[in-house]
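These are the residues of each chain, in order.
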Amino acid sequence: DMKVTQMPRYLIKRMGENVLLECGQDMSHETMYWYRQDPGLGLQLIYISYDVDSNSEGDIPKGYRVSRKKREHFSLILDSAKTNQTSVYFCASSSRDRDYEQYFGPGTRLTVL
Amino acid sequence: KTQVEQSPQSLVVRQGENCVLQCNYSVTPDNHLRWFKQDTGKGLVSLTVLVDQKDKTSNGRYSATLDKDAKHSTLHITATLLDDTATYICVVADRGSALGRLHFGAGTQLIVIP
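Reading the values: rules and limits
- Residues numbered from 1 in each chain as written.
- Chains lettered and ligands numbered in written order.
- Predicted model: local features only at pLDDT ≥ 70, side-chain atom pairs only at ≥ 80, totals over all residues.
- Heavy atoms only, no water.
- Helix = DSSP H or I, 4+ residues; strand = E, 2+ residues; numbered from the N terminus.
- Rg over C-alpha atoms; globule rule 2.2 N^0.38 Å.
- Buried < 20%, exposed > 50% of the residue type's maximum accessible area, 1.4 Å probe, protein only.
- Contact = heavy atoms within 4.5 Å.
- Areas by Shrake-Rupley, 256 points an atom, 1.4 Å probe, with all protein chains shown as cover.
- Lys, Arg positive; Asp, Glu negative; His and termini not counted.
- Charge placed at Lys NZ, Arg CZ, Asp CG, Glu CD.
- Salt bridge = Lys/Arg side-chain N within 4 Å of Asp/Glu carboxyl O.
- Phe/Tyr/Trp six-rings, centres within 6.5 Å; stacked < 30°, edge-to-face > 60°.
- Lys NZ or Arg CZ within 6 Å of the ring centre and 35° of its normal.

Student: Sorry, what's going on with the overall build of chain B here?
Tutor: What chain B contains, in helices and strands, is zero helices and 11 strands. Secondary structure elements of chain B, listed N to C terminal, follow the sequence β-β-β-β-β-β-β-β-β-β-β. Here the C-alpha radius of gyration of chain B, 14 Å, is about what a compact globule of 114 residues would show, namely 13 Å. Overall, the C-alpha framework of chain B stretches about 45 × 30 × 20 Å when taken along its three principal axes. Taken over 114 residues, chain B has a buried fraction of 46%. For chain B, contacts bridging at least 24 residues in sequence account for 55% of all contacts bridging at least 6. In the structure as shown, chain B presents an accessible area of about 5500 Å², 50% of it carried by carbon and sulfur atoms. Placing the 12 positive and 11 negative side-chain charges of chain B at their respective mean positions leaves the two points 2 Å apart.

Student: Looking at this structure, I do not really get the pattern of salt bridges. What am I missing?
Tutor: Two side chains bearing opposite charge may form a pair once their charged atoms approach each other closely. Residue and element names in this part refer to chain B. Scanning all chains against the criterion turns up nine salt bridges over all chains. For K37, the salt bridge identified is with D39, shortest N-O distance 3.9 Å. Residue K37 is classed as buried on the basis of its relative accessible area of 14%. Accessibility expressed as a relative area gives 31% for D39, which makes it partly exposed.

Student: For this particular structure, what's the right way to read the packing of aromatic side chains?
Tutor: Aromatic ring pairs are reported here in terms of the distance separating the ring centres and the angle at which the planes meet. Evaluated as defined, the whole model comprises eight aromatic pairs over all chains. Summarising the aromatic geometry, the rings of Y35 of chain A and F104 of chain B are spaced 5.1 Å apart at their centres and angled 70° between planes, so their arrangement reads as edge-to-face. Remark: F104 of chain B occurs in strand β10 (residues 102-104) and Y35 of chain A occurs in strand β4 (residues 31-37); the pair is interchain, linking two chains. Owing to a relative accessible area of 1%, Y35 of chain A belongs among the buried residues under this scheme. When the ring of F104 of chain A is compared with that of F36 of chain B, the centres are 5.5 Å apart and the planes differ by 80°; the resulting orientation is edge-to-face. Of this pair, F104 of chain A sits in strand β10 (residues 103-104) while F36 of chain B sits in strand β4 (residues 30-38), which puts the two residues in different chains. The class for F36 of chain B is buried, based on a relative accessible area of 2%. By way of ring pairs, the aromatic residues Y33, Y35 and F104 of chain A together with F36 and F104 of chain B are connected into one cluster. We note R61 of chain B situated over the ring of Y62 of chain B; from NZ or CZ to the ring centre the distance is 5.7 Å.

As structure tokens, then:
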């Protein structure tokens, strides 16, 4: 069963705290993504990872960093979270030869107070 | 600048009615276009993908068209059900950019009422 999982599903943090969002996939996909979704906007790409330790900035990387030490896991880190990082974060994965077919996780709703 | 525009922003229909969702885009060069369904609080689930210059697909009560010359796509939902209540998102793949780059519309929120 092809699946992308995200943990936690809901998170409340105070401004200045560190945040770790985790994503896992069981399809051995090389490529993984982090997006954020805000009301009235389409999903915006934060980071792409092409494989272990091969990460590239997306369209809105500022304030975020990522870590990919295993092919099946991709983490999004917010060092010193800001209130404008309150959003729903989605992880996705795809195989290298079918990059247009992305599978999405259920999302993490992050609130920064 | 938004490269994928969807209309209407929201739509209310009665169960059993048909509806049409629109997607216009300016992504160049464009590759394929995909429609996703997003239930409230959930992830995106792919409904259909359109690839050819002028393409049509059908997936049960969902059917879609793509005209790459006009950079326009439609998603038709026939005989709507209450479970069709969701946000429908149009996504265009960018053939000219780096691997895996997609452009997302903001979505059309469909509400189906009894």
